[in-house]
Amino acid sequence: MTADSTLTALAAADALCSRQGERLTPVRRRVLELVLTADRPVKAYDLLEALKPGPGSAKPPTVYRALDFLIGLGLVHKVEALNAFVGCTTVHTHSDGCAELFICTHCGAVEERHGAPVSTHRPEGFRIERSVIEHFGHCSLCDH
């Protein structure tokens, strides 16, 4: 993500938080910035290390709370199979759709697409709030 697109994404995140009656605190903002600027999925302890140089170094619960907050607003996705995090490519909540992550097993790149949360196997009465599907394979760059 370029510096301009990161600034745009952070501004959109600020606006989303305001609309939701939430605050993008300095720690939440910095965690989001680190996730957005990472060139591949980033682990929580890597985020923790990146936050340490600052005053009042963050502790693991602080990072996990920030990530939970950002995931809840649809700003970050957890790549479950990798136990790592990626920034959402579009700022929105996922109550109206499903994030699909396409993960290259060769270079580690993750690309995101969105679709409708369709499940024909959903238990009766179950309401999907958020859905993330992970696909593993080779990206177009690595497939050649």
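Each value, and the rule that gives it
Residues numbered from 1 in each chain as written. Predicted model: local features only at pLDDT ≥ 70, side-chain atom pairs only at ≥ 80, totals over all residues. Heavy atoms only, no water. Phe/Tyr/Trp six-rings, centres within 6.5 Å; stacked < 30°, edge-to-face > 60°. Helix = DSSP H or I, 4+ residues; strand = E, 2+ residues; numbered from the N terminus. Buried < 20%, exposed > 50% of the residue type's maximum accessible area, 1.4 Å probe, protein only. Lys NZ or Arg CZ within 6 Å of the ring centre and 35° of its normal. Pairing = 2+ DSSP bridges. Axes fitted to C-alpha atoms, helices over the stretch in contact; angles between N-to-C directions. Salt bridge = Lys/Arg side-chain N within 4 Å of Asp/Glu carboxyl O.

With that settled, consider the packing of aromatic side chains. Tallying each qualifying case throughout the model produces one aromatic pair. For the pair Tyr45 and Tyr64, a centre-to-centre distance of 6.5 Å together with 70 degrees between the ring planes defines the contact as edge-to-face. Of this pair, Tyr45 sits in helix α3 (residues 44-51) while Tyr64 sits in helix α4 (residues 60-72), and the two are 19 residues apart along the sequence. Taking the relative accessible area as the measure of exposure, Tyr64 reaches 34% and is therefore partly exposed. The ring centre of Phe69 lies 3.6 Å from the NZ or CZ of Arg28, which sits over that ring.

Moving on: the sheet that holds strand β4 (residues 110-115). The three strands are arranged β4-β3-β5 in an open sheet whose pairing can be described as mixed. In this open sheet, the two strands that pair with only one neighbour each are β4 and β5 (131-137). The mean inter-strand angle of the sheet, taken between neighbouring strand axes irrespective of direction, is 20 degrees. Sheet topology places strand β3 (residues 98-104) next to β4; six bridges connect them, and they run antiparallel.

Attention shifts here to the pattern of salt bridges. In the structure shown here, the tally under the stated rule is five salt bridges. For Arg30, the salt bridge identified is with Glu33, shortest N-O distance 3.2 Å. Remark: Glu33 and Arg30 occur in helix α2 (residues 26-37); sequence separation between them is three residues, near one turn of the helix. With relative accessibility at 34%, the residue Arg30 sits in the partly exposed group. The residue Glu49 makes a salt bridge to Lys52 at a minimum N-O spacing of 3.4 Å.

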